[in-house]
Amino acid sequence: MRSQISASHTEGTNGALALDGTAASAVAVARLDRYTSLLDAQREHRELTELIVHDLKAPLSIVRAGLEWVGGHLRPDQRDVADAVADAYAAADRLSGMIADLLTVSQLDGGGMALSRQPVDLARLFERLVRAYQRRARERGIALATEPTAAPGEALAVHADPALLQRVLENIVENAFRYTPPDGHIALSAHAAGRIEIAVSNDGPKIPVGDRARIFNKFARGESEAPRSGSAGLGLYFCKRVVEAHGGAIAVVESDRWPTSFRITLPES
Ligand SMILES: Nc1ncnc2c1ncn2[C@@H]1O[C@H](COP(=O)(O)OP(=O)(O)OP(=O)(O)O)[C@@H](O)[C@H]1O
Ligand SMILES: [Mg+2]
C-alpha cells in the first residue's frame, strides 16, 4: 500500500539528504496519485457547473418569454409597469449572457470546446454592436462610434468564432458603459498591423496599473471596486480565455486620447 511506504533517506555525496530509489519512486507515485485525484475533482466540478448552467437556460427562457408577453399586453397608460418589465427583461438578458459565458469558460477550461471559426468582417460586426447599443448610448448621453476599420474598398476580417467574438466585444462594451460618464465616448476600432488589432476604448477613470493584469483573472474585480450585485468578475476572464483560444492576446492600454482601451490582437484570417 502506498500509504504504508515511508520515505527513507540516505546521506548524499554533497552532504544533503537524498532519497533512496525506492522512497523516491514512492513519493513520485504518491504525487501522481494526488495529481490524478485533483484532476478527477476538477473534472467533476466542471461537469457539475456545466449541468447547473445548462439547466438554468430553460427556466430563464420561460422568464424572458413571459416578460415579453406581459410587455406586449400592457395599456399605454401603464408606463410604470412597462418600465419595470423592461428592467426585468434586461436583467434576464444579462443573466442569460453570464450563463452562456460560464458554460463557454467551463468548456474551454476542460479542453472540450471546438471553435467554429469562419471569416468575420469586423466592420459589419461593429455595425451590429453599435445598432444594439445605440439606444442605451442615447439614453446615457454617450457617443458610441466606430473608427474606420480599413482602407476604402478593403474589408478587415479575422478568422474567428463569430458568436464568441461578438460576446467578447459585448462584455467589454458593457464594462465601458458602466465606467463612461454622461457626455463621454466609447469607440470601437480595428486595424491590421501584421496581426489584426481591435480596440474598445472609453472615457472614464484609468484602470490602475496594478490592476491591469489581475482584472483578467477569474472572479477578479478592480482593487477599489465596491461589491456590486450582478457582477461576478467573470467577463474579462471569459474574454481572455476566448481570445487566447483563438491564438490572440488581450490587454489594457492607455493613450493620450483614451484613458482606457482594451486591445485585442488576433491572427489575420
Ligand atoms: N472600461 C473599464 N473602465 C474601468 N475599469 C474597468 C473597465 N472594464 C473593466 N474594469 C475593471 O475590471 C474589473 C473586471 O471586469 P469584469 O468584466 O471581468 O468583471 P465585472 O464587470 O466586475 O463583472 P461581470 O463582467 O462578471 O458582470 C471590473 O470590476 C473593473 O474594476
Ligand atoms: Mg464585466
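Refer to the structure presented above.
Computed from a predicted structure; not experimentally measured.

J.: I keep staring at the overall build of the chain and nothing clicks. Help me out?
T.: A count of helices and strands for the chain gives five helices and nine strands. Tracing the chain from N to C terminus, the helices and strands come up as β-β-α-α-β-α-β-β-α-β-β-α-β-β. The long-range share in the chain, meaning contacts at least 24 apart out of those at least 6 apart in sequence, stands at 61%.

J.: What should I look at first to understand the site of ligand 1 in this one?
T.: Asn175, Arg221, Gly222, Gly235 and Leu236 are the nearest of the 20 residues found near ligand 1. Here the element with the most residues in the shell around ligand 1 is helix H4 (residues 162–179); it accounts for four residues. Of the residues in the shell around ligand 1, the class split is nine nonpolar, nine polar and two charged.

J.: What should I look at first to understand helix H1 (residues 21–72) in this one?
T.: Within an α-helix, residues lying three or four positions from one another point in the same direction, as the helix has 3.6 residues per turn. The end-to-end C-alpha distance of H1, which contains 52 residues, comes to 76 Å, matching closely the 76 Å that a straight helix rising 1.5 Å per residue would cover. Along H1, the sharpest kink reaches roughly 25°, centred on Ala58 and followed within four residues by the proline Pro59. A small share of H1 lies buried, amounting to one of its 52 residues.

J.: Explain unusual backbone geometry here, please?
T.: Trans is the prevailing form of peptide bonds, just as negative phi is the prevailing case for residues other than glycine. A positive phi angle, close to 70°, is found at Asp183, a residue other than glycine. For Asp183, the location among the structural elements is in the loop between H4 and strand E6 (185–193). Positive phi outside glycine occurs at Phe219, with the angle close to 60°. Here Phe219 shows up in the loop between strand E7 (195–202) and helix H5 (235–245). Overall, Phe219 belongs to the exposed group, with 8 C-beta atoms counted inside 10 Å.

About the criteria used
Residues numbered from 1 in each chain as written. Chains lettered and ligands numbered in written order. Predicted model: local features only at pLDDT ≥ 70, side-chain atom pairs only at ≥ 80, totals over all residues. Helix = DSSP H or I, 4+ residues; strand = E, 2+ residues; numbered from the N terminus. Contact = placed C-beta atoms within 7 Å. Near = placed C-beta within 6 Å. Nonpolar A, V, L, I, M, F, W, Y, C, P; charged D, E, K, R; others polar. Expected span 1.5 Å × (residues − 1). Bend = angle between axes of the 7 residues up to and from the residue. Buried ≥ 20, exposed ≤ 12 C-beta atoms within 10 Å, placed from the backbone.

So yeah, pure geometry; function would need other evidence.
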